[in-house]
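Listed below are the residues making up each chain.
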Amino acid sequence: RQKASIDIEALFESIQQGNISALSQAITLVESTAGKDSAFAKAILGKALPYSGDSFRLGITGVPGVGKSTFIESLGSTLIESGRKVAVLAIDPSSSITRGSILGDKTRMEELVKSEKAFIRPSPAGTTLGGVARKTREAIVLCEAAGFDFIIIETVGVGQSETAVHSMTDFFLLLKLAGAGDDLQGIKRGIMEMADMIVINKADGENQTAAKHAKREFQNALHLLPEKEHGWSTKVLTASGLNHLGIEEVYQKITEFQNYTNESGSFENRRNNQELFWLHQTIEDQLKSEFYNRPEIQLLIEKLERQVLEKKITAFEAAERLLKS
Ligand code: GDP
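Residues numbered from 1 in each chain as written. Predicted model: local features only at pLDDT ≥ 70, side-chain atom pairs only at ≥ 80, totals over all residues. Heavy atoms only, no water.

> Break down the layout of surface pockets for me, citing the residues and quoting the values.
Approximately 1,600 Å³ is the volume found for the largest pocket. Along its surface, the largest pocket is lined by 44 residues, and Gly-130, Arg-134, Lys-135, Glu-138 and Thr-282 are the ones closest to its centre. Elements supplying a minimum of two residues to the lining of the largest pocket: α3 (35–48), α7 (129–145), α8 (160–166) and α12 (266–293). (1 Å grid on protein atoms, 1.4 Å probe; cavity = no way out; pocket = protein on both sides within 12 Å on 5 of 7 lines; lining within 4 Å. Points joined across faces, edges and corners; volume = space filled by probe spheres on them. Helix = DSSP H or I, 4+ residues; strand = E, 2+ residues; numbered from the N terminus.)

The structure is reproduced here in structure tokens:
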């Protein structure tokens, strides 16, 4: 059987020249779970790493239907007009479970898809969020090496995926709707604390008054949160992705944030903390999965679980025994 081989040098050269299909191919390699690809994936990442890090990484989240795709299309055109190259990557926490991706349909980003200054890649499939997050982080590195200087990471507003995206971006933007009944009650405190900006979206037509009202409510609620250590206070804006309203202001505020955090050193701080977070996160994930995958542990766990429920031993004692074994 012929051994498949990939010319990593040539592939990387094409990536650096901005060749989109080379970039796609490299991301596919990195996403692959096939054993034969892993050495190539490592090699291409190793080449890209020294050329990565120079982009601005923007995280965007919001519930399905809030207008993420439309907003990104609109913001993307502003970014491209101001000379930036935009890559859009998505983390879809549901894709591994339902096999159907909510973020998979990117046809709504018609303009971005057509532009050669944009690159759009839907979520990689994965069995764990940690796995998907790792692949997304590696895709960021490859996009940066290909010269994309503005990376947008999109996710839907469910659970841990938001924390994962927050942990790999420089700026975290939360999209909300006015008067959707979830103004402040439904919003998790944690996500408000993570947000660097809240945009009340679909602020057009009859929605405009409600959007202004929601903006004030969010601003008031934010005052109750403790100040962030880097000193940037969360901004609240209104916008319409559909009608391209307020989008320039969003970009302006993001630029302001970039200048502010660059000067104060908190930009680099956040990046460094993220690197260390992922280092430890990966160690934890691997230790855990190696532990739980051992056949002898799987047998013993069942036995000890029963004993805990029968109050024969305490949960702590059971854990200790498992770890010692
Ligand atoms: P996503 O699921 O968050 O990506 O949301 P989409 O971008 O697909 O938008 C969902 C629906 O809301 C679509 O029917 C859009 O046309 C509509 N929509 C998106 N943005 C706006 C907006 O700014 N104003 C209005 N009125 N409708 C919008």
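> Can you break down the side chain of Gln-258 residue by residue, with the values?
With respect to the helices and strands, Gln-258 occurs in helix α11 (residues 247–264). Once you skip the residues sitting within four places of it in the chain, Gln-258 turns out to touch Phe-56 and Arg-84. (Contact = heavy atoms within 4.5 Å.)

> Give a description of the pairing of strand β6 (residues 197–201) that names residues and reports values.
For β6, a buried count of five out of five residues is recorded, marking the element as mostly surrounded by other parts of the structure. On β6, burial covers both faces: Met-197, Val-199 and Asn-201 on one face and Ile-198 and Ile-200 on the other are all buried. As defined by bridge partners, strand β5 (residues 171–177) adjoins β6 across five bridges and the pair is classed as parallel. Pairing of Leu-173 across the sheet is with Met-197, part of β6. Bridge count for β6 against strand β7 (residues 235–238) is four bridges, and the pairing is parallel. By the bridge assignment for β7, Ile-200 is matched with Thr-238. In this fold, β6 hands off to helix α10 (residues 207–223), which returns the chain to β7; that crossover is right-handed. (Buried < 20%, exposed > 50% of the residue type's maximum accessible area, 1.4 Å probe, protein only. Pairing = 2+ DSSP bridges. Right-handed = clockwise from strand over helix to strand, strands pointing away.)

> Give a description of the sheet that holds strand β2 (residues 86–91) that names residues and reports values.
Ordered in space as β3-β2-β4-β1-β5-β6-β7, the seven strands form an open sheet in which the pairing is parallel. In this open sheet, the two strands that pair with only one neighbour each are β3 (118–121) and β7. With direction set aside, neighbouring strand axes in the sheet form an average angle of 20°. (Axes fitted to C-alpha atoms, helices over the stretch in contact; angles between N-to-C directions.)

> Please give an account of unusual backbone geometry that cites residues and values.
One non-glycine residue, Lys-202, adopts positive backbone phi at about 60°. Relative to the helices and strands, Lys-202 resides in the loop between β6 and α10. Taking relative accessible area as the criterion, Lys-202 reaches 33% and is therefore assigned partly exposed. Its identity is not glycine, yet His-244 carries a phi of approximately 55°, on the positive side. By the secondary structure assignment, His-244 is in the loop between β7 and α11.

> Would you mind going over the packing of helix α1 (residues 8–16) against helix α2 (residues 20–31) in detail, with residue names and values included?
Axis separation between α1 and α2 bottoms out at 8 Å; the angle between their running directions is 125°. The angle between the axes of α1 and α2 places the two elements in the oblique class. Helix-helix and strand crossings are classified by hand; for α1 and α2 the assignment is left-handed. Contact with α1, carried on its side by Leu-11, Ser-14 and Ile-15, involves Ala-22, Leu-23, Gln-25, Ala-26 and Leu-29 of α2 and no other residues of that element. The class makeup of the residues in the contact of α1 with α2 is six nonpolar, two polar and no charged. (Parallel < 35°, antiparallel > 145°, perpendicular 65-115°, else oblique. Left-handed = near helix turned anticlockwise from the far one by under 90°. Nonpolar A, V, L, I, M, F, W, Y, C, P; charged D, E, K, R; others polar.)

> Tell me what's going on with the packing of aromatic side chains, and back it up with residues and numbers.
Scanning all chains against the criterion turns up 12 aromatic pairs. Measuring from ring centre to ring centre gives 5.6 Å for Phe-56 and Phe-150, while their planes differ by 45°; the resulting arrangement is tilted. Of this pair, Phe-56 sits in strand β1 (residues 56–62) while Phe-150 sits in strand β4 (residues 150–156), and the two are 94 residues apart along the sequence. Judged by relative accessible area, which is 0%, Phe-150 ranks as buried. Geometrically, the ring pair formed by Phe-119 and Phe-148 is tilted, given 6.0 Å between the ring centres and 40° between the ring planes. Taken together, the residues span a long stretch of sequence, with Phe-119 in strand β3 and Phe-148 in the loop between α7 and β4 at a distance of 29 residues. The residue whose ring lies beneath Lys-85 is Phe-148, and the NZ or CZ to ring-centre distance is 4.5 Å. The ring of Trp-232 has Lys-235 sitting right over it, with the charged end atom 3.8 Å from the ring centre. (Phe/Tyr/Trp six-rings, centres within 6.5 Å; stacked < 30°, edge-to-face > 60°. Lys NZ or Arg CZ within 6 Å of the ring centre and 35° of its normal.)

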